[in-house]
Structures are given as structure tokens and as C-alpha cells.
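# Descriptive analysis of the structure
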Amino acid sequence: MLREEFSKPYFEELTNFVRKEYQSKKVFPPPKDIFKAFDLCPLDKVKVVILGQDPYHGPGQAHGLCFSVNENVPMPPSLVNIYKEIASDLGKPMPAHGNLEHWAEQGVFLLNATLTVIAHMAGSHQKKGWETFTDEVIRLIAGKKEHVVFMLWGAYAGDKAWMIDEQKHLILKAPHPSPLSAHRGFFGCHHFSKANDYLKSHGLEPIEWA
């Protein structure tokens, strides 16, 4: 589905840039994990899209799924707040780790707008071509699928809503779950129960969020 993108000049430039960055700097996630979201949740399985902006830039954190960290890594504050909202919304206990692969395997596509980052330098690989690619991914999902839930948290993700047909899909917007903004409406947004209600209303299996 994305083959045409890979042959476009911008993607070739992006590929060359990213390869050189990995050769000369500490870059996250590990190369094998750059496209993990795509590996774990192929297009035919996508039921929910959660959009992040940038991979985590601390050691051992990023592993190719937005908001997710490996099991032995302390949970970042935004993910803690996501879990708090799930606990409040669904009455489920807080998970013991921050690995969201079990979401991805159920059909939650955990896409960062930018797929790589230099260690300790947030946003360092923005505006290099990744956003052009991931915008095309969003358009592809929105165009080819029906009844997908798009969770757009924060202004950056919210700005992607224009690519999504609200007649075909459910768009859920809220402030970002970061500690800086979660109290402005992320807490109490009930996105997780709303997503499951929507999926069930269209004959789709709900997500086990806990």
C-alpha cells in the first residue's frame, strides 16, 4: 500500500539522512524497531489509531510504539496519566508495566508522527520527511478503512483531523496526557470506553485496555 511512498524523492532523502544519523549518533529506537507499529498492527487489523509526536529520547525507552516503553523501563508521566484515565474510565487496575504491544496486537496502531530521534534531543528528527510519510499513512487508513477510532491527543495530533472523514470514522480529541495538560480535559475524556462502545456498535471486538 505504501510502496509508492518509498520511491519518492523525499523518502529517499529521509532514508539517507536517517542512515547517516544512526551511523554517527545515538538514535532511538533501535533500527529493528523503527517500524514496529506497522509490524504488530498491519492495515487489515487497524481498529484504533493513537498518534504521538516523537519517540521517547531517553536510553531504553523508545521501541517503535508511541507512548509505550519496554517492560523493564520506568513508565513515563504521560503513560502513567493514560493508565490513570483507563482506571477511572473502565474501573480497571493500573498495569504493572508500560509495554503496549498487547494493544498493538489487538488492532491499536500506535503511530508517532516522527519515527526516530537523537538521544536526549526531543524533536531532533522533525521536519526531515517523517511527517510527510506518516501523514500519508493516516490518509491511507482513513481512506481504505471504515469505523476506525482516531484518538488525537494534544494540538499537534488534533491538527491531523482534517485528513479523516468523520462520516466513516470516530474522531476523539482531548488535551495531551502530559502532566502539563492532562488536567485540562484529558482526565475525564472517557476515550477508552467511547472507543469500545463505537467498535461494538459496528460489530467489532472491543479493545482490552487493561
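Structure's up top.
Presented here is a report on the structure given in the accompanying data block. Numbering of residues begins from 1 in every chain and follows the order in which that chain's sequence is written. Totals for whole chains, interfaces and linings use all residues, but because this is a predicted model, local features are given only for residues with pLDDT of at least 70 and pairs of side-chain atoms are given and counted only at 80 or more. As a rule here, side-chain values cover all heavy atoms of the structure and leave hydrogens and water aside.

### Things to note about the overall build of the chain
Here a helix means four or more residues in a row that DSSP labels H or I, a strand means two or more in a row labelled E, and each is numbered from the N terminus. If you tally the helices and strands in the chain, you get eight helices and six strands. Secondary structure elements of the chain occur, N-terminal to C-terminal, as α-α-β-α-β-α-α-β-β-α-β-α-β-α. In terms of overall dimensions, the chain is globule-like: its C-alpha atoms have a radius of gyration of 17 Å, near the 17 Å expected for 210 residues. Taken along its principal axes, the extent of the C-alpha atoms in the chain is 45 × 35 × 30 Å. The criterion used for residue contact is that any of the two residues' heavy atoms lie within 4.5 Å. A fraction of 65% describes how many contacts in the chain between residues 6 or more apart in sequence connect residues 24 or more apart. The reference for a compact globule is 2.2 Å times residues^0.38; the radius of gyration itself is calculated from the C-alpha atoms.

### Side note on the pairing of strand β5 (residues 149-153)
Most of β5 is tucked away: five of the five residues are buried. Where strand β2 (residues 48-52) lies against β5, three bridges are found, and the strand directions are parallel. When the sheet's bridge partners are listed, Val49 is paired in β5 with Phe150. Direction of pairing for β5 relative to strand β6 (residues 170-174): parallel, over a ladder of five bridges. What sits directly across from Phe150, in β6, is Ile171. Whether a residue is buried, partly exposed or exposed follows from its accessible area with a 1.4 Å probe, protein chains only, as a fraction of its type maximum: under 20%, in between, or over 50%, in that order. For two strands to be treated as a pair, DSSP must find at least two bridges joining them.

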